[in-house]
Structures are given as C-alpha cells and as structure tokens.
Protein chains: 2
Amino acid sequence: MKNYIVHDEWCIIEEGFHPEYNEITESLMSLGNGRMGGRGNFEEKYSGKTLQGNYVAGVWFPDKTRVGWWKNGYPNYFAKVLNACNWTGIDLEIDGETLDLARCEVSEFRRVLNMQEGTLERSFVVKLPSGKSLKINTLRFCSLKDDEAGAISYSITPLNFSTQAKLTVSLDGDISNKDSNHGEKFWNEISKETTHGECYLTLETKKSKWDSVPTFQVCTGMKFECFKGGESVDCQTMPIKKDKYVANEVKLSLKQNEETVIYKYAVNLSSENYPVENLTAEAKNYLARITAKGFNQMLEEQILTWKAKWEGNDIQIDGDVAAQQGIRFNIFHLQQTYTGEDSRLNIGPKGFTGEKYGGSTYWDTEAYCLPFYLSTSEQKVARNLLVYRHNHLKRAIENAEKLGFSNGAALYPMVTMNGEECHNEWEITFEEIHRNGAIAYAIYDYIRYTNDENYLQEYGLEVLIGIARFWSQRINWSSAQQKYVMLGVTGPNEYENNVNNNWYTNYLAVWCLKYTLEALEKVKSNPFRYEQIVNLTSFDETAETSKWKNIIKNMYFPYDAEREVFLQQDGFLDKELLTVHDIAEHRPINQKWSWDRILRSCFIKQADVLQGLYFFEDDFSVDVLRKNFDFYEPMTVHESSLSPCVHVIQAAKLGKKDKAYEMYVRTARLDLDDYNNDTEDGLHITSMAGTWMSVVKGFGGMRIKENTLAFSPFLPEQWQSFSFRVGFRQNALQVAIFHDYITIDNLSETPISVLVEADRVTIKGLETVNIPH
Amino acid sequence: MKNYIVHDEWCIIEEGFHPEYNEITESLMSLGNGRMGGRGNFEEKYSGKTLQGNYVAGVWFPDKTRVGWWKNGYPNYFAKVLNACNWTGIDLEIDGETLDLARCEVSEFRRVLNMQEGTLERSFVVKLPSGKSLKINTLRFCSLKDDEAGAISYSITPLNFSTQAKLTVSLDGDISNKDSNHGEKFWNEISKETTHGECYLTLETKKSKWDSVPTFQVCTGMKFECFKGGESVDCQTMPIKKDKYVANEVKLSLKQNEETVIYKYAVNLSSENYPVENLTAEAKNYLARITAKGFNQMLEEQILTWKAKWEGNDIQIDGDVAAQQGIRFNIFHLQQTYTGEDSRLNIGPKGFTGEKYGGSTYWDTEAYCLPFYLSTSEQKVARNLLVYRHNHLKRAIENAEKLGFSNGAALYPMVTMNGEECHNEWEITFEEIHRNGAIAYAIYDYIRYTNDENYLQEYGLEVLIGIARFWSQRINWSSAQQKYVMLGVTGPNEYENNVNNNWYTNYLAVWCLKYTLEALEKVKSNPFRYEQIVNLTSFDETAETSKWKNIIKNMYFPYDAEREVFLQQDGFLDKELLTVHDIAEHRPINQKWSWDRILRSCFIKQADVLQGLYFFEDDFSVDVLRKNFDFYEPMTVHESSLSPCVHVIQAAKLGKKDKAYEMYVRTARLDLDDYNNDTEDGLHITSMAGTWMSVVKGFGGMRIKENTLAFSPFLPEQWQSFSFRVGFRQNALQVAIFHDYITIDNLSETPISVLVEADRVTIKGLETVNIPH
C-alpha cells in the first residue's frame, strides 16, 4: 500500500514528483470520454518509468493465441485492446538540452486529476543540467462534449534565461502493445500529411490471418497554436515526417519570465464511425470545428458536462475524506470508460487506463456494472449494454456449437471484443459458464428497474431462449442420484476448477429456465411478435418447455443438512475447513501457493454461494443468508477485486457493520492505495461499479421491491453522513443518511412512492421527506 | 493407416520411393545405440519433405517455458532434447547438377531397416535432369559396440557417363529444433578444424538464464575414405569452413559402370563423458581407433552384437508376418534407445527418432519400460533405471517444496531431464501425482523379479521414505466422511482432471505407505545402514510410521456396491454412462471434442482403475477384475498409446481372447501403420515396451509367483505359435506356446522350477520340457 496520493474530496493529487510510482500515477490519472482515452503520461519526453498508453474505443487486434499446451476448442486469437497513436506529445529542447523529468532537477511538482471538471493538470519547476530553470503548467482533457477530441494547454515560462527553443509537437503512431503475445507491432501506416501547425496520421491495424476479423483505420489529427500574453503568435514551424510519425518542429522565442502557452487540439476518428475514404477529411472538419471554439470554450463545456454528470451520480460522504475521494474516483472512471452512446462498445476491465487482459467484455458488465449505469445514467445506457449481447447472439450460438452444443444453444464468451471467445484456459473458457446466466439475469435486472418489458419482445426473449437451450443441454441425468446434475464447471470462485454441481451455477441455470418460461408468457401477449421469434429461433415450444420444466423440477442442489448451508459444490465438506485466520502468513495465496494447493483448499476467491444469495435474495430468508455467510465468508480471501462489494451488501443486510465497513475499505481505495500491487498496469474499472454498489445497495440498502425503490440504510460509524443520487424511471432522488434520520429529496416533479425500511413513503414532486431511523 | 511398409519378419522395407510418407519412413528407420542416434534421413541433400534429426543422449537445452496463462509453481524451463550436429551428410554434384531425390527421376528405390543386423540400407537408380543415370547404394549404422560412433558406406556407380564429380562430406551443426518454443537456435560454435579427409566441429549449448543448468559441449568428428574396386584411392580434397559447419569437397573421377565407395566414420563425444578440454583430442583418438578397424569389421561387430541382443530378447510369432514384424520392430527400437550402460540416461518418449515432447523421463519408464528391461537385459540395466530416480531425489524434494510440502516429502516430476519438473499444465504437473507411486512400484517390481533386496538398503528406502512422506501430506482428513481423502488429482486417465479420490491414486498411495513400512523392517536387518538412512532423512520413525498406519487403516476408496466396482473417482456415477459404440463417429474424441466435453463424459483415455488392478492383481480376485473390466473397458477409447497393453494382459487373464487380440493389434503396429497420424514426429518408444508386455505378460501370462516365474499362456487363434526368451535371475528360458502344448527350454546350466498354469514344473539345466495345455 502506497500512501503518496493526497486525500482530497474532488481531486487525485500527487504532491512532489514520485518517479518510482510514476506508472501507478499514470494509471490513476487516466483520462477518457467513452470514445478515446489514455494514461496520465507526460506530454514531453520522459526516459524514466512510464507505460505509454492511448486507446480508441472499439479498435482492437486479433493477436495470435499464445498457449503452452493446446486444447481442442481454444480460440485462434485473443482480441487485444490496441495501444494507439500518441496524440499528446510536446517535446521541448533548449539549447541542445531536452526537457526530461528523469534527467533534470524537479521542484514544486504537482499533478492533479480534477474529477469534478474532468481535467489533468500538472505544474512544476525544472532545472536543466545547464542550470536553466523553467516553470511548466499543463492542463489536458478528453472532451466529453466532443468525444473524439482532446485538448492540451502547455505553458512554458523561463525563469532565469531567454533563448530560442525548439518545440516538437507530434503524433506518434509507432506504438507497440506491451502485452503483444509474439512481440509483433499491430499498426501499419496508411497516410500522413502535415502543414504548418497541423498534422494528420492515418494508421490501419495489420491484416490478420482471420478473414472474419476486420481491420480498423484511425486517423489522428492535431492542430496547435502558440500564445504569449493572451495573444496568438506566429512561430516558425518545420514539418517532420518519419515512419508512422508526423510532427512540427517549432522555433520558439522564450523570454525570461514571459509565459508561452501552446494549445494543442487533437482528434481520433475511427473507421468504425466514418467511411475510410473520408477519414482525413472528417478529421480536418472536426479539428476546424473545435479549434474555432478554442481551448477555453472547450474547457468550459467540459466542466459543464461533468457538472451535469456529477449531478446525476455523485455520492457524498461526510466525515471521511479518504472514503469520499475513493468513491468519487470510482464513479469518475466508470463515467469516463463507458457513456452508453454506442451499443457496439462495452466496459473493458482496464478501460482506457492500460492494455492488460485484452477483450472488452467480461461477465463483470452484467453482474457488476449494469446496476451502476441503471441508477446513474439514462435508461438507454443500460439498454445498450444489453443490446450489445443481443448483437452477439449469433456468435454465442457458433461458440456453443464449437463445444458440441446444438439447436441454437448459446454460450456467451468469457472474454470478447466482437462476440467471439478470446480466452484460452480450459477451466475458464469452457467451464466458467455461469457468465451465461449473468446475461439472462441482466435482462431481468434491467426490466425490474426500468419496467421496460418491451425489451423482452424486442431483443430479450431471443437471447433467453439461446441461454435456456444451453443450460438444458449442459446438464445431464444422473441415474445414481435420480436428479439432473451439472458436471465439470468453474463457479465464480475461480479457486475451484472443474467441479461438479456448483450450487451457484445449478441455481442460476434453473432460474434461467424459469425466467425464460415467464418471458415466453409475457411475449405471447404480442402473438405476432411471438410467432416471429418462434420462427427465428426454430423454437419447439411443447418439447423444449416440457424439458425445461422437467429440469426445474428435478435439479440437484448440494446441501449440508447439518449446517443448513448450500454446498459450493459436491465434495466441498471433504476439504480441511479452515478460516483465513489460519493462513495469515500465506496470503495472498494466489502469489504464495501453487495452483493445486489453492484448488484443494477451502479458500474462496470471491463470492460464489453468496453471489447466488445476492442475485436471488428474495428466494431466501435472512436466516439462510446468515448461515451461509457465516460459513463461507471466513474462508473467503477476497483475491478478486469483485469480491468485497457483494460481501458489503450482505454484511450490511445482516447487520454486521464492522464486516461491511472492512470490506468497503478494501474495495473503495483498491487502486488509489494500490492494494494488489498492480495499479501500474491500469485500473480495475469493472470492480469500481462494485464500490458504488457497496454504498448504494450495501450501506443504502437500496433494492427494487413491490415495483418501486426500497431503502434500508445504515450509516457506518466512521462517517457523519452519506448521500447518493439515483435515477429511477421518471424520478431522480437524492438520498441522504444521517445518524438518526434519512432524507429523501424528490428532484422530479412526478411524485414517487418508495419503501423505507418496509414502510411505504410517498414523496411529492420536488419535495423532501425526513424519516427517522 | 498407411500400408506401404512391406511385411517382413526381420526388416522394415520401403519398396519404391514414397516421398509423401518420407517423414514417416524417416521415423520408422531411425538408428540408435543408446548414446547417439538419428532419423533415417538421406545422406545427400533432399529438398522434399524431411525432418532432419540427430541426437546425443543426455544433451539438452532448457527452453524457456511457453505458457498461455501463468500459474504459480510452473517451471521456468522445458528441457528439450537437442537436435544436434548432422554427421551423415554426403552431397553429390555432377557437372553442376545436385543429386536430390526430390528433383530427379528415381527408380528401383528400396530402403531397408535391417533389424536383425542393426543397419539401414538404401539402393536406387537415379536419373538427373540432364539424363545422366547413377546407381547408389548406402549402408549406415550406429555402432552398438563403439557406442559413440556411426559409419556409412556410400556407393556410387555412373550408369551412362563418366565425369569428374564433386562430393561434399560434411558435419553440419547449424541445426535448429523444430519445436523450439521461441524460435531460438540452441547451439554455439566453439571450434572447428579440418584437414584432408577429416573434420572436427565442437558445439556448445547456449548459456541459459538458469544458473543451475549446465551447458554441454559435443565434439563431432568425421573421417572418410574413397575406394574403387576394393582399393583405397586418393582424392583431391578441399577443406570448407562455414559458421557451425565444416566439410571436405572432394573431386571424384567417376567412370561409367565403375563403383566408387565412400566410407564415412563419425563420432559424437559429449562433455558429459569427457573433459571439455580434451574433447577434440578424444574424438581424434576415437576416430583413429575405428577407422583402423575399418568399415567391414565395424559392420561385422555390429551384426554380432545385435545377434547377441536378439538371442536374449527375440519374440517369434509363427503364422502372422505382420505381427512378427511388429513385435520385432518394437523390441529393436527399445534396445536402440536405452542400453542401461549409464544411470544418468533414461528412455525418452521419442528416443532418437524425433524431438517432440522433450524431456527424457516420464512415468512410462517405471510403469511400462522396466518390465521389458528386467526380462531381456542384464540386471544392471533395470537397476540403473532405478538409480536414475535415486540420483534425482534431492530435486524431487525441492520440487515438492515448491508445491508447499515439507520434511523431505518428494514429488518426482511428470517430465524431466535432470530431475527438475519441465511440464506446465497444472492439471498434469501438479495433479497427476500417481507418477510418484509408480516410482515406488518399480522398486518393488525390480526386487520381486531380481531378488536384489540389497537395493533397498543401498538406494531404495531413501526414495520410498520421500514418496511416503509426500502421500501422507497430500491426503487430508475429511470430517464429513471420517476418512482420509485425496482431493484434486488427475489419474492415469487424463480425460479427467482435478478429481477427488481417484481410486487408483488412493490405492497406490496406501500401497506405497505399506511397502515403505515393509522396506523399513527389511533394512532394519542392517542396523548400521538403517541408522544412516534415519539420519540422512531425519526420519522420525515413531511419529511418521504411526501416521502412515493411521492412513492405511482409514483411507477412503470410492466404490459402487450395486455394481461391485471400484469407482474411478467421486461422482463417476453421475456421468451419462455410455460405451464407445455410442460415439463411433466422434472418435478420436481428443481430436473432435472440446476439453470440457471430454472431461464430463465417461470416456476413458487409458487404464485407470484397471491400471490398479494390473499393478496389484494379487490383491483382487478374478471376479473383481471381471466386474471392473466389464464396466470400464467399454468406456475406454484407448487414445493413449499406453492403453491397449494393460487391456491385453487383463483380457487374456479373463479369457477374453478376441478382446485381447484386438487390443494387441492396436499396440503392435501403432507406428508401423501410423494409426494416430503422428509417426512422422517420431516413434512411441515407451509404448513399445507395452507391446512386449502384451505378448509376454498377456498371451504368455508370465508373472512372478511364489518367488519364481509363472506362466499361464494362451495362443491367439490367428497365430500358429509364438515364443519368447526371458532372463530370470540366474536363468534364461525360451518359452514357446503351441496350440496344444507349451515348451520351455532352460538355456542355462542351473535348474529352475517354474509355475505353469499353477503347476510347479522343474526344468534341469539345458533341458526342455513340453507341457500340454
């Protein structure tokens, strides 16, 4: 745990330069706008530790799978998030000396991610080896308003000299992915051009050996201007072209104590959104449009757009700055990563903050991220996350066929970019199939929150039928048990592989069948559409539904009658049942134990049975939850970033306040405090949604009950109060929890009736109620 | 199945050139002598399909592990068998035309592996594009007598021209491994020299990043002579040196219808056997010695040495040439691969016939190969196989420590060269731990065959203690079952991974504990040595043995009382129980099914429960065997080359003659007929020992009973008779099985008493008995 980030309510602040942590800081201070983004790299050359990263949403490369020992069914490629053209470069050379913070004396250094305004600022004084001193101030953002553009203001003030300096303002496309499987570079140059103060570089992803995989073109363009004393100045510029690189060298007269400001505007347009033949022309138009606005107007718009975002989703915590900073940090990065404008996009595990893992979509989206966007964004945002999976249904069916399934059974991939499976560990790829259920659950979750039952007709039912078919083929009849069983799976707890009858997966499978039956009935209210879907999916209602009903009736669930707990899987009680306290010095076990030792131990990576009790809480009493929580939580090592949030929610429900708070602390500042020693690779974007859930569903106790919002809050004793904003259908509510009472503001004109600790409370439009608790 | 190899009792014959199968033929016609060997490549340049391979025993390279997703505990490197200097090269150029069988018209082609004499012959007539015709005859062998040397006779007869030809006689060390993980080459050149008619090339394996791994040097030397009409002729030679290559170019006057013969002698001396500073000098001495003998004497010695080998281990099958050829092919390659002279060497899965898999030692050695060498070779050969594992005990202890074991517990690696684990699939590396029991079993097997109980004192007990400690730590107490259980293993049937309570492994573990207890008692008869071992191993007799006894008493074994069969593992009966007939069009499943489908199916790769009933047959009645065989064999797909032999032995015991013969056919000509479409990669050397066992233990019914040999033979009805030679302690026996009677020749002067179908039969020295049956 590194403790160098200053605690602040709205900002992430590095006070004084910490070169040893620079890659961590770069991750923390990443910027994005849903379409493009990148790490908090310096604009100028830096020869110290750095991981340079710029990314364009939806642009990827099918890197050839790397494998130790091939297994049938492994995918050919792994879709990599592509590290793309670096549009931020502004290098400064003064009388032959390069400004490089690794080779100069740096003082008064301050780097600030301003989350309220969506900007990254940096200021420092630097002394070159020759003794020349300069003051530099930078400000950068990725525009939320113009979401294919970014802008930089770079200010230079010589403190003890005057000279003619050389500035190089560049677009550098000679980029490689750090995690390239076979050391390849992924970009080819298509075209470049440069005039004075303006550059364009179009790159194309290399043609892969897989015909089904498209290539992508990205045109990056930039323009810059120099200002002194608020006035635009003309500079002598020289165009430079190198392989996959285009720049302007600028002769810049620097005068002691006179500030020169360079405004750099950049755009990234991809062939996903524009015809390739127009890319450069569109980039020119786009750039012309934003430079006409100018830096200050763009910045103002950025601040306003973020203000509006925060109004919809801020969480305030009173009395704990670290917790306040942590929760805003999580919300900020979630909003930067996915804006829900485009149903072809999804929420990559590292967003725009790093390239690790590849792929853009995991079950994290459905299980952890969806609730966040449901409550904090327009309905279409969550809906687009669902439509994304509908778009991939055909590929999910093909994916299942590769594994021997038939008749339109669909298995969604573990990791994907375009719907094809990318991951290649058999125990995950082929066996961690509960992901399929999470996709069905997300449809249910979306509809219960939004009441948008129409979604079933439009998209949902087709997906549900594919998923139900998969489960009905994946189970088999056990003559020995006279029950249906599910063999050879990996549950959410990935510290067990290839187990039989994982309770969570069995329960989820049966739930999917039930929900699909319900959905069928609902869609039948529109006979025309129902008939269409039956034809589209070659659905044999009588035969298929009777099989499903049979499975629902006869599924096997492992259970321990003595302890009255569901068993994580067959044979779980044969393990040596220890608790995490017994192995304190062995943690984290994923770094200290060999895989077999982890597997045969009782230790649990993340909620598994408890994940099921979280998803389907209405099916179980609090007593059942308590027994299972008390049995499993003490064995849980929480070595997945997705683990603590579910436990916060359940501990809160069980009134285990200390446990809830302990778990919350683990999730809220995971990246800020670099708990897992891996923040340098990028942030844990999807687990950030879990942190939001911890507050709203955990401490806030928010649920959907009786077709409305319900709250059952508790205030951690470390806090004075906390409040959060949620949108629910026509309404927006501000909910504040104090020690003795709860305040709910209805921010909309429509009245709303909610449940607070089981009591129905009606709040008129634009009114506030206070409820003691 | 390719049917181009001519059926012949003693030879493997390719009649007419089959370039499309050339890589297969190269594998089949590999030559070796335990120290060096190589594939049946042509001497002259060949631009067609070929896999060039020459290997020097004990010389390897630690190729960096390639992995898809790293797991804790994986080894850093994978020890690769090294493709080494090609010493066979003799290139011929006639008036600018190169002799290359891929570019000429070839007729009268015949390639013959003469297994009786241990030689590879080739003859053909070739017409060059210009119309010039030549007749070529070659003969090559790796000398068993001088086991660091090989020799070639290469005869050239122009049929329709005379000219001055150019011959290049070379040593080519610029070799790469086809299976290099990262495309690296593994050899550096140390020195080379050449004079007229003589070349030396010393190569060293590259320094790896692992300090514990030694580098190896190999000096390859060659000398050649030209003969016309039986007379040595002087030729004009020109030395040639290139990187990692040294040769002589020879101007050769060829006269129409006059035969010129080149004798090429080569040696491969490795730093494993000579001080590096003497390598070249030793190579010179060695070469001088063999060239002084001359080709013909070397050939004569080769024939005599092979004759002696065959006298000790031939199997004759009367009435089935294909079966006769098949069994001799297997015996021949086993004898070429391992001679038992050096306890640092072992039996690689491909021997000297290819480089696939890497490593030299698998559990195949103990479970399949040991019985062959026990019966067909001097006692020291089998003993050296055991000592090899004793030599690696320290590393086996370190290997176990890496996986969390302690107190001298030893886990032998799945695949190794120097005692360190090389394989990196968690389900195999960490979980296929039954290999450890096979190493204990081999000690037992060796002692019961040889009566060499002294071995326990010398080496055996230390190894047994390490293995027993491993098992006692690997199991755990199940409170639920009130028994000891073993979780997370992979049994011999690798089509199940990470299962609980694999019956075979549980049984084997308990047997190891029992056998170690017995061994302790035996070694105690030598209190001084016993004390030594106790100190050496820090053995706490009271505590450790009482724990072992407790496990022996309370181990859990999965069993189905209804069917009266042992269960392969917990939950086996939850599977859909099909037979191989139900999935005819799906086979082989390892090519047609994804891994998860294989895992959750009931289908069995190779004997698992049945492997246990084979190892420990005296513990079980024939009825128990029958019930288990009838349950498991129909589910067995035999997709391991090690599978059929165990089933031959058991089917034979159960009187299932057709099944026994069906299984035998699968194993005996596996490579000759290329059943699995992979002979081109090399031969399945270790499974060849299984073929031998099929005949001797299966059809011959040979066992050790009542401290002597016992036979219970049956004659497959497809055969007239068969006979085999076995050595047993002081005796050598020739056993022949006819329809109505058995003949046993006692070839030694010592009388012997054996069991034939439960009757005791005493055979005087040098006598023969006929026993009706």
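Residues numbered from 1 in each chain as written. Chains lettered and ligands numbered in written order. Predicted model: local features only at pLDDT ≥ 70, side-chain atom pairs only at ≥ 80, totals over all residues.

By the naming in an unreviewed UniProt entry, chain A is Glycoside hydrolase family 65 protein, taken from Emticicia agri. Turning to chain A, the UniProt record has this under Sequence similarities (unreviewed entry): "Belongs to the glycosyl hydrolase 65 family." (UniProt positions renumbered as here; feature names shortened; annotations may be inferred.)

Counting its regular elements, chain A contains 20 helices and 34 strands. Taking 28 Å as the expected radius of gyration for a compact globule of 773 residues, we find that chain A reaches 27 Å, a close match to that expectation. Along the first, second and third principal axes, the C-alpha atoms of chain A reach 85 × 60 × 55 Å. Going through the 773 residues of chain A one by one, you find that 54% of them count as buried. Contacts in chain A between residues at least 24 apart in sequence constitute 67% of all its contacts with a sequence separation of at least 6. (Helix = DSSP H or I, 4+ residues; strand = E, 2+ residues; numbered from the N terminus. Rg over C-alpha atoms; globule rule 2.2 N^0.38 Å. Buried ≥ 20, exposed ≤ 12 C-beta atoms within 10 Å, placed from the backbone. Contact = placed C-beta atoms within 7 Å.)

What follows covers the sheet that holds strand β32 (residues 752-756) of chain B. All names here are of chain B. An order of β27-β28-β32-β33 is seen for the four strands of this open sheet, with the pairing classed as mixed. A single partner strand is all that each edge strand has here, and the edge strands are β27 (703-705) and β33 (759-763). Direction aside, the axes of adjacent strands within the sheet are offset by 40° on average. Sheet analysis places strand β28 (residues 708-711) next to β32, joined by two bridges and oriented parallel. Within β32, the residue paired with A710 across the bridge is L755. (Pairing = 2+ DSSP bridges. Axes fitted to C-alpha atoms, helices over the stretch in contact; angles between N-to-C directions.)

A separate point is the interface of chain A and chain B. With 40 residues of chain A at the contact, the number on the chain B side is 39 residues. Of all the secondary-structure elements, those providing two or more residues to the side of chain A that touches chain B are β23 (476-478), α14 (589-592) and α15 (595-600) of chain A. At five residues, α15 of chain A tops the list of elements feeding residues into the side of chain A that touches chain B. When grouped by side-chain class, the residues that make up the side of chain A that touches chain B number twelve nonpolar, 16 polar and twelve charged. (Nonpolar A, V, L, I, M, F, W, Y, C, P; charged D, E, K, R; others polar.)

Moving on to the domain arrangement of chain A. In terms of domains, chain A is made up of domain 1 (5-32 + 47-64 + 78-311), domain 2 (338-557), domain 3 (558-676) and domain 4 (700-773). Placing the centre of domain 3 of chain A and that of domain 4 of chain A at their C-alpha centroids yields a distance of 29 Å. (Domains from an automatic or database assignment.)

Let us look at unusual backbone geometry. Backbone torsion omega between R587 of chain A and P588 of chain A reads -5°, so that peptide bond is classified as cis. Of note, the phi angle at D95 of chain A is positive, near 50°, even though the residue is not glycine. Along the chain, D95 of chain A falls in the loop between β8 (90-94) and β9 (97-98). The phi dihedral of E706 of chain B is positive, around 50°, even though this residue is not glycine.

Residues and elements named next belong to chain A. Those places that UniProt annotates as "active site" (unreviewed entry) correspond, in this numbering, to E494. Note on placement: E494 falls in the loop between β24 (483-485) and α11 (503-523). Look at E494 and you get buried, because 20 C-beta atoms sit within 10 Å.

Residues and elements named next belong to chain B. With respect to topology, five strands assemble into an open sheet ordered β9-β8-β14-β20-β19, the strand pairing being antiparallel. Where the open sheet ends on each side, the last strands, each with one partner, are β9 (97-98) and β19 (236-242). Both β19 and strand β20 (residues 245-254) contribute to a ladder of seven bridges, which runs antiparallel. Bridged to I240 within β20 is A247.

Overlaying chain A with chain B gives an RMSD of 0.1 Å, the required rotation being 180° about an axis along which the chain moves by 0.1 Å. Accordingly, the operation relating the two chain copies is best matched by a two-fold axis. Both copies contact each other with a shared surface, as 98% of the interface residues of chain A are interface residues in chain B too. (Least-squares fit on C-alpha atoms with pLDDT ≥ 70 in both.)

We now examine the pairing of strand β22 (residues 315-318) of chain B. As a general feature of sheets, a regular strand has side chains that alternate between the two faces. Residue and element names in this part refer to chain B. Every second residue of β22 is oriented toward a common face, the buried set being I315 and I317 and the non-buried set Q316 and D318. As paired elements, β22 and strand β29 (residues 721-728) share four bridges and run antiparallel to each other. Each bridged residue has a counterpart across the sheet, and for I317 the counterpart in β29 is F722.

A few words on helix α13 (residues 541-554) of chain B. Residues and elements named next belong to chain B. End to end, α13 covers 20 Å across 14 residues, agreeing with the expected 20 Å (1.5 Å per residue, within 8%). Within α13 the residues assigned to the buried category are E544, W548 and I551. The arc enclosing the buried residues of α13, seen along the axis, measures out at 60°, which places them on a common side. Facing away from the buried side of α13 by more than 90 degrees, the exposed set consists of T542, A543, S546 and K553. Residues of α13 that are buried in the fold lie against α10 (454-474), β24 (483-485) and α11 (503-523). (Expected span 1.5 Å × (residues − 1). Arc of directions from axis to C-beta.)

Before going further, it helps to examine the environment of C235 of chain B. Residues and elements named next belong to chain B. Note that C235 resides in the loop between β18 (231-233) and β19. Accessibility expressed as a C-beta count within 10 Å gives 19 for C235, which makes it partly exposed. Sequence separation between C235 and T157 is 78 residues; the distance between their C-alpha atoms is 17 Å.

So, on to the packing of helix α4 (residues 321-337) of chain A against helix α20 (residues 685-699) of chain A. Residues and elements named next belong to chain A. Running from amino to carboxyl end, α4 crosses α20 at an angle of 130°, the nearest separation of the two axes being 9 Å. Judged on the interaxial angle alone, α20 and α4 are oblique. By crossing handedness, the relation of α4 to α20 is classed as left-handed. Each of I327, N330, I331, H333, L334 and T337 in α4 lies in contact with α20, whose residues at this interface are I685, M688, A689, T691, W692 and V695. Among the residues forming the contact of α4 with α20, the class breakdown is eight nonpolar, four polar and no charged. (Parallel < 35°, antiparallel > 145°, perpendicular 65-115°, else oblique. Left-handed = near helix turned anticlockwise from the far one by under 90°.)

Residues and elements named next belong to chain A. Here helix α6 (residues 379-391) crosses helix α10 (residues 454-474) at 45°, and the two axes come no closer than 9 Å. Comparing their axes, α10 and α6 come out oblique. In this structure, α6 crosses over α10, and the sense of that crossing is left-handed. Here α6 contributes R383, L386, V387, R389 and H390 to the contact with α10, which in turn contributes Y455, Y459, E462 and V463.

Residue and element names in this part refer to chain B. Given a rise of 1.5 Å per residue, 15 residues ought to cover 21 Å, and the 21 Å separating the end C-alpha atoms of helix α20 (residues 685-699) matches this to within 8%. By the largest-angle criterion, M693 marks the main kink of α20, which is about 30°. Most of α20 sits inside the fold, with 15 of its 15 residues counted as buried. G701 sits one or two positions beyond α20 and adopts a positive phi of about 60°. (Bend = angle between axes of the 7 residues up to and from the residue.)

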